[in-house]
Amino acid sequence: MAQQTPTKDGPTVTFNVKAGIPGAPQTLEVHAAEGDIKPWDLDSQLRIVKGRQTRLEGPQKVTGRAKYTFDISLPGMLWGRMVGASVPAAEIVKVDTSRAEALPGVKAVWTTESRTVRFAGQDVAAVAAVSPEVAEDAARLIQVTYDERPYVTDIEKAMETDAPLVYEPDQVPGSKDIPRKGNILGPQSPRRGGARGDIEKGFAEAMVTVEPTYVIPVHTHSPLESHGVVALWEGDQLTVYASTQGIFTVRDGMAEALAIDRKNVRVITEHMGGGFGSKLAPSAVGSAFAVVACRLAKKAGAPVKLMLDRKQEHLCTGNAPSAVMTVRLGARRDGTFTAVHYRSFGSAGIAGGAGTGGPAGSLYQNCPNLKIEEHDVFTNAGPAAPLRAPGHPQGAFALESAVDELAYKLGLDPLEVRRKNESSPVRLMQYDIGAKAIGWERRHKKPGEGAGPRKRGLGMANGNWYVIARGSGVGAEIKVHRDGSVELFSGAQDIGSGFRTAMTMVAAEELGLRVRDIQTHVGDTRFPEGPGSGGSNTTNSVAPVVRLAAHEARGKVFDLAAGLLGVKREELQAAEGRIFVAAAPSRAVTFKQAAAKMPGEVVACVAERKKQYETFRGDLAGTQFAEVEVDTETGEVRVIKMVSVNDCGFPVNSLTAESQVIGAMIQGASWALLENRILDRNVGTMVNPNLESYKIFSPKDMFEAVSILTPIANAGNNTSTAGLGEPPLVPSLAAIANAVYNATGARVRTLPITPDRMLAALSEERRRA
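What comes next is a walk through the structure. (Residues numbered from 1 in each chain as written. Predicted model: local features only at pLDDT ≥ 70, side-chain atom pairs only at ≥ 80, totals over all residues. Heavy atoms only, no water.)

1. Section: the packing of aromatic side chains
Argument step 1. Across all of its chains, the model carries 8 aromatic pairs by this definition.
Argument step 2. Arranged with centres 6.3 Å apart and planes meeting at 70 degrees, the rings of phenylalanine 697 and phenylalanine 703 form a pair that is edge-to-face.
Argument step 3. Of the residues examined, phenylalanine 703 reaches a relative accessible area of 8% and is grouped as buried.
Argument step 4. Over the ring of phenylalanine 650 we find lysine 50, and its NZ or CZ is 4.2 Å from the ring centre.
Argument step 5. Above the ring of phenylalanine 70, the side-chain terminus of lysine 305 is found at 5.4 Å from the ring centroid. (Phe/Tyr/Trp six-rings, centres within 6.5 Å; stacked < 30°, edge-to-face > 60°. Buried < 20%, exposed > 50% of the residue type's maximum accessible area, 1.4 Å probe, protein only. Lys NZ or Arg CZ within 6 Å of the ring centre and 35° of its normal.)

And the structure:
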């Protein structure tokens, strides 16, 4: 029975829910905001949610009818083209656009007001012309005169005392409270998890210690659809079609940059071709291309499409920072950790935010002594942007590789060492599930044992993330029409993860309808506000408010059905488009029959997200296993199989949730074995800004990918959803690196594990042996 209680945060209603792990439930008392409803828990009989629903937009996508930003074409539309700096550090002396402006077909030109260049690819100028070809020709005619300055693009060089400074001391980004020296900012602690205990005391108690250093290069996001917009002015009204993860961020960003009322800005994202965190900014972290497109459109008096090309995508739209990480780890003879000292130096180019200490701060909470030191190192390179669990894949690569090294040094099973130090009951359960799925008993007890040049091995690693959700400022609307049709409206964008389908399932569950009975509209700032899709927060921010709106609509339709059936509303239930008396299911009317009794043409129910409340777990547990094959004669590494076991609270749509996990495994394997942004030290520019020489996984590299979800009744909101986009990528790099060691007995501590690095590690191992 719910109880209402006033608190300093407003009135609350108390629910007792059956939370946690199926088979080991716990009673959890939660205090939801007044007006919220009891969360789905382990006792909930769900018909649709947690099921497997194919994507509603799937037919449009496979037939080419889905319209991405790249596909938008408007009457009289011009084509925009950005011009980036060709040098990594300089003062701009002059930008001469006269030849470009004189080219027939050029309708508008823009130049930057900034005079300082800090990376190659930084915005300098732009054009709008009648065709992509004319725009490209015009861009080449723009002449920029630079006063070039010393630069540094290498993280180790940037840390030297005589390195060129990326920023003058008074211009260094970040809090003034953080120590700074040259290009180095730090040490600082991660946002979550920090120091505890006494690490020197902990290391004194250790019987065994390891202190390896790991290196990971910059990884670029490489979404299939590059960043881009189409800008259309109609009087003072601006419409922007955007390939973005946050349409309301774009709206607010355009309004601020153009000094117009945001009510006059409409942003639309019907479909989006990938972003992985790089499309959370109004334009991009290293370019104002969207604002520029709007300015060009205003100046030309015509709509402008401006899509970045693949080179620009690599240079200025963000990346995952590089890092040099040292992990000192101590343990007792039985594998119990006594101390962890984690130090990292990472470069996000000209930006901060290169910390990688998240996994060290959150995993192995039972370890009594911990110290984390993170440093940002500035270089003359494009800025970083969030990439699925920012900093965590890098940090987990270092920490989980070190755990593996410690386990082998102790002569213990790496899985058992992790089990001994585990603090999460969810991950303890996941260990057994994952080990069985990969066949952990097949791993080499002695790494590298076995005959023949092709050697297989098994490895594993842990990942973590956090339950993140917007507790206010998110809305949804349900409209029930007199003909019984139902529409759902949410302003949040579907970035390709199946958001549209998942929200439809939530509404169908609450209304007692089938998924096909509801038409869902997303990705338009004219709809109720949604969050930016970052940090694994979209589903758990929006699903609860969709359920609230549907719950209100359900009540209104139940009132109509109650009159037809001659019972009280509280006596009714609904399923499969029927509303029936719970105690006598044969007494029923259809949803459409009830809706036909409404006095007007439509019932509209708008809801606003209520606050988050108590959860079973505030963290999201995951663990991953990998099997690889290494050709010891060529150094080639091939992934054979990966098993990813993840908690996301209640998965709304298990099918698309598993798809997200599989995508993360592919992305992680690609990062571990192939991806590496290479900057030329002599000229400071990227030498592989394309998908021919910047290698990513292709279909021929594919492996057996197994996604296993472990649904947890997490509470926190009325749907018990908790997020999944970030966690499955976190452990992939370390799981593969550890599998390579198990296969060969040679440890590769620098990614990607390319054939030359693999052969060098094998040679070193033979020399040491």
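2. Describing the layout of surface pockets
Argument step 1. Computed from the structure, the second largest pocket encloses a volume of approximately 660 Å³.
Argument step 2. Forming the walls of the second largest pocket are 25 residues, and the residues nearest its centre are Glu510, Arg547, His551, Arg554 and Gln573.
Argument step 3. Elements that contribute at least two residues to the lining of the second largest pocket include exactly α13 (499–511), α14 (538–565) and β27 (572–575).
Argument step 4. Considering every element that reaches the lining of the second largest pocket, the biggest residue donor is α14, with 5 residues.
Argument step 5. The residue makeup of the lining of the second largest pocket, split by class, is 9 nonpolar, 6 polar and 10 charged. (1 Å grid on protein atoms, 1.4 Å probe; cavity = no way out; pocket = protein on both sides within 12 Å on 5 of 7 lines; lining within 4 Å. Points joined across faces, edges and corners; volume = space filled by probe spheres on them. Helix = DSSP H or I, 4+ residues; strand = E, 2+ residues; numbered from the N terminus. Nonpolar A, V, L, I, M, F, W, Y, C, P; charged D, E, K, R; others polar.)

3. Let's talk about the packing of α13 against α14
Argument step 1. The contact between α13 and α14 brings their axes to 8 Å, and the two run at 35 degrees. Classified by chirality, the crossing of α14 by α13 is right-handed. Here Phe499, Met503, Val506, Ala507, Glu510 and Leu511 of α13 come into contact with α14, specifically with Thr538, Thr539, Val542, Ala543, Val546, Arg547, Ala550, His551, Ala553 and Arg554.
Argument step 2. Looking at the contact of α13 with α14, its residues break down into 10 nonpolar, 3 polar and 3 charged. (Axes fitted to C-alpha atoms, helices over the stretch in contact; angles between N-to-C directions. Left-handed = near helix turned anticlockwise from the far one by under 90°. Contact = heavy atoms within 4.5 Å.)

4. Comments concerning the sheet that holds strand β30 (residues 602–608)
Argument step 1. Spatially, 4 strands are ordered β26-β25-β24-β30 in an open sheet, and the strand pairing comes out mixed. Of all the strands in the sheet, the pair left with one neighbour each is β26 (518–522) and β30. Across this sheet, the average inter-strand angle for adjacent strands is 15 degrees, counted without regard to direction.
Argument step 2. By the bridge criterion, 4 bridges tie strand β24 (residues 475–481) to strand β25 (residues 486–490) in an arrangement that is antiparallel. Opposite lysine 479, over in β25, you have glutamate 487 as the bridge partner.
Argument step 3. Where α13 meets the sheet, it contacts β24, β25 and β26, and its direction lies at approximately 135 degrees from that of β26.
Argument step 4. Packing against the sheet, α14 makes contact with β24, β25 and β30, and its axis sits at approximately 145 degrees to β30. (Pairing = 2+ DSSP bridges.)

5. Things to note about the packing of helix α6 (residues 247–258) against helix α7 (residues 289–300)
Argument step 1. The interhelical angle for the contact between α6 and α7, taken along N-to-C directions, is 60 degrees, at an axis separation of 10 Å. Relative to α7, the element α6 is oriented oblique. Handedness of the α6/α7 crossing: right-handed. In this structure, α6 uses Met254, Ala257 and Leu258 to contact α7, whose residues at the interface are Ala290, Val291, Cys294 and Arg295. (Parallel < 35°, antiparallel > 145°, perpendicular 65-115°, else oblique.)

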